[in-house]
Structure formats: C-alpha cells, structure tokens
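Chain by chain, the residues:
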There are 2 protein chains.
Amino acid sequence: MLNVYDITDWVSAHPGGDVILRAAGGSIDGYWDIFSIHKNQYVYDILDTYLIGYVDKVDLSLDGSRLAVAHDIEDPFSDDPVRHPDLITRTRKPRNAESPACSIEDNFLTPNDLFYVRNHMWVPTVDQDPDDHRLTIELADGSTKSYTLRELKARFPKRTVTATLQCSGNRRAHMSEGSGRKANGLPWDVGAISNAVWEGVMLADILADAGFDPRSSQKDKDVKHVHFVGMETYGSSIPIRKAMDPYGDVLLAWGMNGEPLPRDHGFPLRSIVPGNVAARSVKWLQRIALSDDESPAQWQRRDYKCFGPNQTAVDWDSAPAIQEMPVQSAITGVRLGHMRSNGKDDNGNAVKGHPISMSGYAFSGGGHGIVRVDVSLDNGHTWFQARLLDDGSDDGDDGHSNVVTNQPGQSWSWKRWRFDGTVPQVTFHDSQDGRKCTHLVVKAIDDAYNTQPESYAATWNIRGNLTSAWHRLLVCTDCSSKS
Amino acid sequence: MLNVYDITDWVSAHPGGDVILRAAGGSIDGYWDIFSIHKNQYVYDILDTYLIGYVDKVDLSLDGSRLAVAHDIEDPFSDDPVRHPDLITRTRKPRNAESPACSIEDNFLTPNDLFYVRNHMWVPTVDQDPDDHRLTIELADGSTKSYTLRELKARFPKRTVTATLQCSGNRRAHMSEGSGRKANGLPWDVGAISNAVWEGVMLADILADAGFDPRSSQKDKDVKHVHFVGMETYGSSIPIRKAMDPYGDVLLAWGMNGEPLPRDHGFPLRSIVPGNVAARSVKWLQRIALSDDESPAQWQRRDYKCFGPNQTAVDWDSAPAIQEMPVQSAITGVRLGHMRSNGKDDNGNAVKGHPISMSGYAFSGGGHGIVRVDVSLDNGHTWFQARLLDDGSDDGDDGHSNVVTNQPGQSWSWKRWRFDGTVPQVTFHDSQDGRKCTHLVVKAIDDAYNTQPESYAATWNIRGNLTSAWHRLLVCTDCSSKS
C-alpha cells in the first residue's frame, strides 16, 4: 500500500514553492532521493499531517512511469558549481557547507571558495551576458522600474562594505548536544559564518532613483518593508528604516573580495544587509518590492524566528522575524601543549600546567562592536580576557588605541581573538578513559554590554535558531600527561 | 595623631570636582558627616593611597575652627526638596532613592514623585524666573550660542517622547548577593528604573539652529560627541550620531508627565537620551559642547563602564562608556496562594500546588523592543511565557495584534508583564526553617534576540554596573502549607 497525501494547503508554505507540484499524481520517492534534505523526521512529521488515505499499487491506473525514480528525473542540481574540498558539507542537494575552522583562523576576509554556503535550492544559472541581468523594483503604487546590472554599475556611486554573514543556524549542533534536545535544522558547527568585502551600490540610492520618496508620497510614507526575491524564488525582507539608513550600508552587490560574486554566493547580483541575519542578504537577486508588510515568503514568516524552550507547537506570528542578531562567539582552534612548570605560586611551590593556545571569533548584530572576549579554562569558574586581533578598521576601533569610545553602529565584521595561557594541573579532572580533561569556555560582550547566555537548555528553541550560549569545549591531555 | 593626605592628583578625578578643596587644610570629618556617601570602604581605599604622613593635634598651628564639625559647615543639601515617603532611600546626601515596586506594578508612567532619584550632588536651586534659565552651546570652532528656556519653548517644534530611564546600577544588590562578591556602588534593588512622558524640543533641531552643519564644515564633520554639563557640574556625553538621528528622539526636556520637571529630575531643563543609560540624560542642563572626543568628566571616563569578573584593578580607558544598555528584566511582585488541587495529571492523580501571580518589567536599550518574557517556577528547569501588558504604543507594537514584525528602533519604554500559574507541590524543596521553597526566575528576550545571562558570578564587575543576570527570587510557603 502507498500513502496518499493532499498537500494543497502546503503548496504556498513549501520552501521551494510550486516546484512541489512536479511530483503530483505519482511517487515522491525519486524526488526525495534528489532533494534529500526532506529525509528528516520533522519533514516526515509535516507530511504525516496531510495523509488522506492509501492506495494499492495494483489499483493505480497510472502507467508505471509515474512511479518516478531518481534517474528518470531531471536533476536541477546538475548545474551546481564544483566546491572547494575543504568546505564541510552538511547537505549536498541543496548544498550547505561550512567554512573550515582553519580558514577562520587564517583569514579575516574569508577566501571566496571557503566562504560558507547556504543554499535553499539549486544554484540558478545565468545564460545571458551577466551585465544584462535585470533587477525589477516594484514601488508602493504598483509601478515598476528595472535596471540592468550594467546600469547599476555605470550610473551609481560604487561602495565597498566589509561585512560578516552568519546563518541563523550557526552552532545549532551545540544547542542540540548541549541541551540534550534535538533542534530541527542543519547541524552546523562553528563555521556557518564568514566575512568578505562586498562591492556594489547603496540600496537607498537605487530606491531613490526608482522614485521612492516618503517625504512627498503618502503611499511611500506607509512603506515599512523592502522585499527581496531571488531567481530561485527565495524571498525575504528587511525594514525600510534599515534600507534607507545612511549608516546602514545595505548594498546591492556584484563583487566579493575583489572578484565577481561566485555562483554559490549570488552571481550576478545579491543584497548585502550588514548586521542582520544572512537570510536577509538574498542571492541571485532579481526583484525588489516595497510594501507596508513583511515578505510573505516562508523564510520571513515561517522559519527564521525563535521561541521559548517550552514552545514546541509554535504560533509563527507571535515572534518577530530575526533581523539583528545577538552577540556571539566561538572557539575555532585549541592547541594544548605538554605539561611544564610555569613558575611558583605564592607559597613558593612549583606550579605545573599545560600551555594552551586558543583562537576564535566574536560577532554581534546591528553594527555593535565587540568590546571584550572572556575565556575560561575551568568551565566558567574563573575568567581571563582574550586578545582581540587588529583586523580591519571598518568600525573605527582598530585596536591601535588603548582608548575605546562607544561610537555606535557600523561594526559589521567579526572580531577574531587569541588567547595564550596555562591550564594549571589542578584544573584538570579525570575522564572515564583515564585522561585529564577540562572544559574551555568563551563568551563575548558587545558595546551595548549584551553578553551571551550560559545555558543551551534555557535558550533552546524548536528551530535551533541563534544558538549563542557560551561555547564550551572539552579538552583532554594525551597519554603523556600521566607520566 | 591625625592622617595627612595630599589629594592634589585626585582633585580632577573627584566626582564633585573642586568642591573637595573646601576641606583643604583642616579636618574632613565634618564634611564627610554631610557627604556621608564617602563613608564606604572603597572610598577609604582611595583615600589611603594619598596618605603622606601624620600630625599630632598639638602640633597643629591651625586654630580650632579648622577642625570643622558638621554643624559649622554650610550644608549644600539644606535646600534639597522634600521627597515622597514611599521612595526607598539608599543615600540621603546626595539623595538616591528607588521607586517602590508597588508603583511599578500600578503605573506604566511612573508618577513624578515616585520616579527614582539618582543625584550625584545637591539639587541646584533656580533663583531667577525659570524661563530665563540659559543654555549655552559651544560649537566645534569654539564659538557659543545661547538660548533661554523661553526661547526654546517658543521657537522650536515641541515633541513628547515616552522613555524609560534606568540607572546603570539597577539591581546591583543582586549582583553582590548572587555572586558572593561585593560590587562597589549603591546597593540598588529592582527600583532604579522608571518611565515617563518627557516634553521638550529635539536636540538635533537646536544644534542645527546653533549652526552645527557637518555637510559644509570640516570642523563640524569631525564632531563625534555631544557633551552635557549640569548646573551642579555633573558631565557626560553621547555620540553625535545618536544626537542627530531623526529616529533617536534625544530631547532637551522641561516637562515630565504633563508637569514642569520636578527639582529632583532636572528643573528647569535636562537632556533625555532614550535607550541609553540614564547617566547620559543630564539634569539641570546649562551647557552643551560639541567635540571630537568624549566628555572629560569622571562619569564618562571613570565610572559608568564594565569590566571582566577577574578585572579588579581596571584600566578605565580599555572599556567603552556605557551608552545603550543590555536586555533586562525583574520581578516586582509575587503573590503565592494557599495550596489547592488544580486538576489531575496524565495518570488521573490529583495535582496539588500553590497558585502564583507574578509581575515585573522588561526593558532593553537602543530602542530594542521586548519580544518575550520567560518565567520559571523551578529555578530555570522549565519555562513559561509571561503576558506582556498592552502599555503605551510608542513602539508600534501595542499588543493588540498577534502578528509581530521587527521594526527596529524606537521602543523606549519598559514592557510590564504578568504571570499567573501554579507551582506544583513537588517543585518545592525543604528550607532550613521547615518551610517549602522554590526559586522563581525571569528572563527577557529583545528583538535582536539578545537574552539575559544566567550567572551573576560570570558577569560580576567591580563597579557593579549593568546587572542583568536572570532575576531569581526565593519564595516559600507559609506555615499553613504544612497542614
């Protein structure tokens, strides 16, 4: 017996939109073999709610070809680009892959081919001359204006902005493991975040040129949101205030680290919304619309939101879409050296310990700068300050000066940090396998003095979004420490 | 023997400025009897560092009158206003007093006479017609322009802004108690926060009228900070971007909840900087200066900052002055009812528990709205959502709509919350005195999805600023619960 589902009500909520109808009237198995991201309990749970009956194969009046198998179906991912082998792939179709920790350690600006990849569908192909790619803008009165990429490049002042993009699911694996409760979604480790220089034009300039004028038009005055739509149908929106803020640095970008956007990152045109969750920086951008309401897309209304740890059956409308992100930090590298004596304590006794080097990043949303990174070698009982690297200068606080003043708002890049210290011998506790272990911890503080929550359990949410609890890492000495 | 101190180097750092010199050459005891805020270990510690020697009374060539006693000294606090008896006084001279919890429960807008009082010195007196009070503005080129209050009222558009002011020390007592480490400063409970409607003119309008024009003047373009100086010498500054932001709502205010400013709250003129720590909303305002640097005042450079829990000898210049504040919440009221049965559990057994009602506030800096308040009845193991009251409408999210969209930036007021539930009998544990007790907890989440840290110990800082760890409250049943 085969299950029969009536997914009429789901079509509009389906992340891939109408593409779901390709499988109508036949077996979904072949499609799910390609779109393997569906093979996940929470997707099966959604499917179950649409079960309306059963049918025996022998009763099917369909000819056999409707029971599609993967090799019969045109694979929309067949034109996806080849990726760097060092990317850590979480799903292949669509490709979702994180930046390796070594890249974060080595680079303030993530190399394009090591920038984390977050695709919701296949990578669209551009058959024409990319400069002929056309962006359509729908104004509040319904009229439209369009620009080719060539026109955008020629007619408006160019701007570059260095900005970190972070997936709302970054560190989701930690939330599931740390709380003991699985959160739905891709099990990202620390690498769903990367940093680049973006080149393009200011969205505010284009909207003004297209005719948006809230000072003289009531319809424009009522506009509250700017919608972005990608070639693959992904959609999302940002508040108009962010779009028009002269300090907001929202770009329509065609360049990434001095090169044209790679296909995985939105070639030929994307939006870049610094300080906001990366889900608002829409790739393969082909349409912008001004509206008094948020984007109707799944990814605005039914996905990138957070709820309380007890809220497992959620009212999506009760929480706001994620825009600015909370303060975040992670450990990306640890080197634990062999035991050595590092001087004497106050009583003249020799102190023994393992030298340790740690590295990582810290980042906050909304343009907030990182003012301090605290590191603990003993599971949060005592703390030290990490050294913030003198990377970039986009926030006016380049680390050269000892005097830190609180100028708000344009710290769009992560701060990388380093810590060198010694884990005293007494800090280690015995693990089950006879090694000596301790928990390293990092937490960051931003310039609004927000800091990270301690507990995964208390910030758990069903979608596993915005995992920002203290990053804890268990490190153990090797056998030689017993001697 | 009497101690002799050379405080030459301290004069410029003294919170009260030159007034310290009134006591030069004689005994400080009489002065400290009046300025009793000095009788604090950390002040004695500062004083100790200036000890240069000893003198015997008999060797003093001074006549006896120099050994001042309090009744010989003109008390600058003698003209301070009479305060409402319900205010909870923390120090009398200067007066520092918090708003009673019942006022927070009863009022979205705090009545003027129950608004918390944070004075650094005595309350200045205004002898002339208050409309003749003069505000002087010093521009970047050193030129000045001045306005009487009468001119401000007559010549510029009036604006009202509803905004919460919160002392950076609010909940400091919790940090000291919760961490077991005393933090320096006034031991505020939950009431160093209040909310009011402020009436005045936009600071940006006044600066523009005074001639500030960063588009045509390089000197003005270099301006980064706006300094405020009060009649009693208190000084502080804010970033120019906040001052000029059309959404920033920074006021020069003369009205509070429909009345002239009370003397304790800045009569006849003060700045109001919504979303920033209250230390930037300067009372008894008489001078504004534009500068490329922060205010040199003690309260900008040497006080309202935070450091790591390990940083007990601080480099003041290494941390930014507090401007925007982190997300905060507190419990202001708890009513625990008598044990009753509240239905049956899944196995059909009667469930017994104590009905509980809780109330409190949540607030975040930088105009961030509160999107959720989580309450726990079992010390943070399980969570519920509190109900957010439908107070005010300044943030466009008035609670009437179930759909919450994330429009950034102008949520300047606290959100009050209520929770009604039942504490199951099994949740209570035995206390030493035989009663049954449990810890209630509250934490809030703002629209950047920042949330509060869990641990007082991990956020402890020597000045006890920005205490925002989960507010935990131990509640116990009364004797009748034993029956």
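Residues numbered from 1 in each chain as written. Chains lettered and ligands numbered in written order. Predicted model: local features only at pLDDT ≥ 70, side-chain atom pairs only at ≥ 80, totals over all residues. Heavy atoms only, no water.

- Taking an unreviewed UniProt entry as the reference, chain A is identified by name as Nitrate reductase [NADPH] belonging to Geosmithia morbida.
- Recorded under Cofactor (unreviewed entry), the UniProt text for chain A is reproduced unchanged: "Mo-molybdopterin". (UniProt positions renumbered as here; feature names shortened; annotations may be inferred.)

## Digging into the UniProt feature "domain: Cytochrome b5 heme-binding" (unreviewed entry) in chain A
Piece 1. Here the UniProt-annotated "domain: Cytochrome b5 heme-binding" (unreviewed entry) positions come out as residues 1-56 of chain A.
Piece 2. Counting secondary structure, residues 1-56 of chain A comes out at 25% helix and 16% strand; the distance between its end C-alpha atoms is 4 Å. (Helix = DSSP H or I, 4+ residues; strand = E, 2+ residues; numbered from the N terminus.)

## Overview of the packing of aromatic side chains
Piece 1. Counted under the stated rule, the structure contains 28 aromatic pairs over all chains.
Piece 2. Considering the side-chain rings of A:Phe115 and A:Trp198, the 5.6 Å spacing of their centres and the 80° angle between planes classify their relative orientation as edge-to-face. Here A:Trp198 lies in strand E9 (residues 193-202) and A:Phe115 lies in the loop between helix H3 (101-106) and strand E5 (117-118), a separation of 83 residues in the sequence.
Piece 3. Given a relative accessible area of 1%, A:Phe115 falls into the buried group.
Piece 4. An angle of 80° between the planes, with centres 5.5 Å apart, marks the rings of B:Phe307 and B:Trp316 as edge-to-face.
Piece 5. According to the relative accessible area criterion, B:Trp316 is buried, its value standing at 18%.
Piece 6. Site record: aromatic cluster; members linked through ring pairs are A:Phe115, A:Tyr116, A:Trp188 and A:Trp198. (Phe/Tyr/Trp six-rings, centres within 6.5 Å; stacked < 30°, edge-to-face > 60°. Buried < 20%, exposed > 50% of the residue type's maximum accessible area, 1.4 Å probe, protein only.)

## What about the interface of chain B and chain A?
Piece 1. Taken residue by residue, the interface counts 56 residues in chain B and 56 residues in chain A.
Piece 2. When chain B packs against chain A, the two sides together hide about 4600 Å² of surface, and 51% of this comes from carbon and sulfur.
Piece 3. The interface formed by chain B and chain A contains 20 residue pairs in polar contact (both at pLDDT 80 or more).
Piece 4. With three residues, strand E19 (residues 370-376) of chain B is the single largest residue contributor to the side of chain B that touches chain A.
Piece 5. Of the residues that constitute the side of chain B that touches chain A, the class distribution is 24 nonpolar, 19 polar and 13 charged. (Contact = heavy atoms within 4.5 Å. Buried area = accessible area lost by both parts, 1.4 Å probe. Polar contact = N/O pair within 3.5 Å; in protein donor to acceptor, adjacent residues only side chain to side chain. Nonpolar A, V, L, I, M, F, W, Y, C, P; charged D, E, K, R; others polar.)

## A closer look at the sheet that holds strand E4 (residues 96-98) of chain A
Within a beta sheet, neighbouring strands are joined by backbone hydrogen bonds and run either parallel or antiparallel to one another.
Piece 1. With respect to topology, three strands assemble into an open sheet ordered E3-E4-E5 (chain A), the strand pairing being antiparallel. Of all strands in the sheet, those bounded by a partner on one side alone are strand E3 (88-91) and E5 of chain A. (Pairing = 2+ DSSP bridges.)

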